[in-house]
Amino acid sequence: MGLRKEILEAQQQLEEQLREEVRESSRDYASLRNYEREYTEETSGFRFRRERHFSNLEALLRDLSTRRSALIGDFHTFGGAKNLVIQLLENADAIRAVRSGRREEGEGEEGRESQQRRVILGLEYFSVDQQPLLDAYVAGEMDVDKLLDKTMYSDPKNGWSCDREPIRKILSTALENRVEIRAINDSSSPHRNPRKKCRSVAKIMAHEINSDPDVLFLTLIGDLHTAQSHLKKEL
């Protein structure tokens, strides 16, 4: 009877654990649907606007040279969504140079000294506990495919489903152009609870921005997070 009782108790504990996982998953799903609705409502005006204005890379680089952070919306499974961030990385020197020093009265723009600032790329594809692996890649201790095998594609069932090649290109381009790489995803729930992820990412960005007044933090993250009421609000 003792063994039978232990088995029954173990089954009951397992059943309760599974029920809690279902409840948690339902809460996460409801939270995600509300999150998506907020983004859709905020951006619907852009999608149905008759007059559309297309971005200009030169103007964008010029604008970024005056900013300390920028959010780049990503559609994870669409490789073309990574083209913008790759272009920005290829032109990192254009946004790395900033003007410093206070201009005296009558002094022209050429009178101000220029300096180089740090450019950081935050990637949602990597959780913060994987930062040492990213550092090892940057240090030349492992190649990009080994890095991806140990991180993004280490779990075929629960990992990322996006194509490997655009991610490889982002990482190699950042390395070639001396752009620092930061893991920004929440280690505890990388694919769940979008609001929790926003708060976690905002803390990482804020820490770097507050620590270095001249840094530029570029963040590549799922487009839903770029709404004014989401990550921007947390910042």
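The structure displayed is predicted, hence computed values, not measured ones.

Core analysis: the biggest nonpolar cluster contains 35 residues, and L121, F126, L171 and L218 have the highest contact counts within it. Counting residues per element, this core draws most heavily on strand β4 (residues 119–127), at 5 residues. Those residues in contact with L171, other than ones at most four positions away along the chain, are L123, F126, L134, Y137, V144, L147, L148 and I181. Residues V201, V215, F217 and A227 belong to the second largest nonpolar core, which totals 16 residues.

Here we take up the packing of aromatic side chains. In this description, an aromatic ring pair is defined by two values, namely the gap between the centres and the angle between the planes. All chains considered together, the criterion is met by 1 aromatic pair. Between Y125 and W160, the aromatic rings sit 4.8 Å apart at their centres with planes inclined by 70°, giving edge-to-face as the arrangement. Residue Y125 is located in strand β4, and its partner W160 is located in the loop between α6 (144–150) and α7 (164–176); the two are separated by 35 residues in the primary sequence. Overall, Y125 belongs to the buried group, its relative accessible area being 3%. Classification of W160 as buried rests on a relative accessible area of 15%.

Along the chain, the position of S127 falls in strand β4. Take S127: its relative accessible area is 10%, and that puts it in the buried class. Reaching out from S127, the side chain makes a polar contact with the side chain of D129 at a distance of 2.5 Å. With residues near it in sequence (within four places) discarded, S127 still touches A183, N185, D186 and S187.

Procedures and definitions
- Residues numbered from 1 in each chain as written.
- Predicted model: local features only at pLDDT ≥ 70, side-chain atom pairs only at ≥ 80, totals over all residues.
- Heavy atoms only, no water.
- Core = buried A, V, L, I, M, F, W, Y, C linked by side-chain atoms within 4.5 Å.
- Buried < 20%, exposed > 50% of the residue type's maximum accessible area, 1.4 Å probe, protein only.
- Helix = DSSP H or I, 4+ residues; strand = E, 2+ residues; numbered from the N terminus.
- Contact = heavy atoms within 4.5 Å.
- Phe/Tyr/Trp six-rings, centres within 6.5 Å; stacked < 30°, edge-to-face > 60°.
- Polar contact = N/O pair within 3.5 Å; in protein donor to acceptor, adjacent residues only side chain to side chain.

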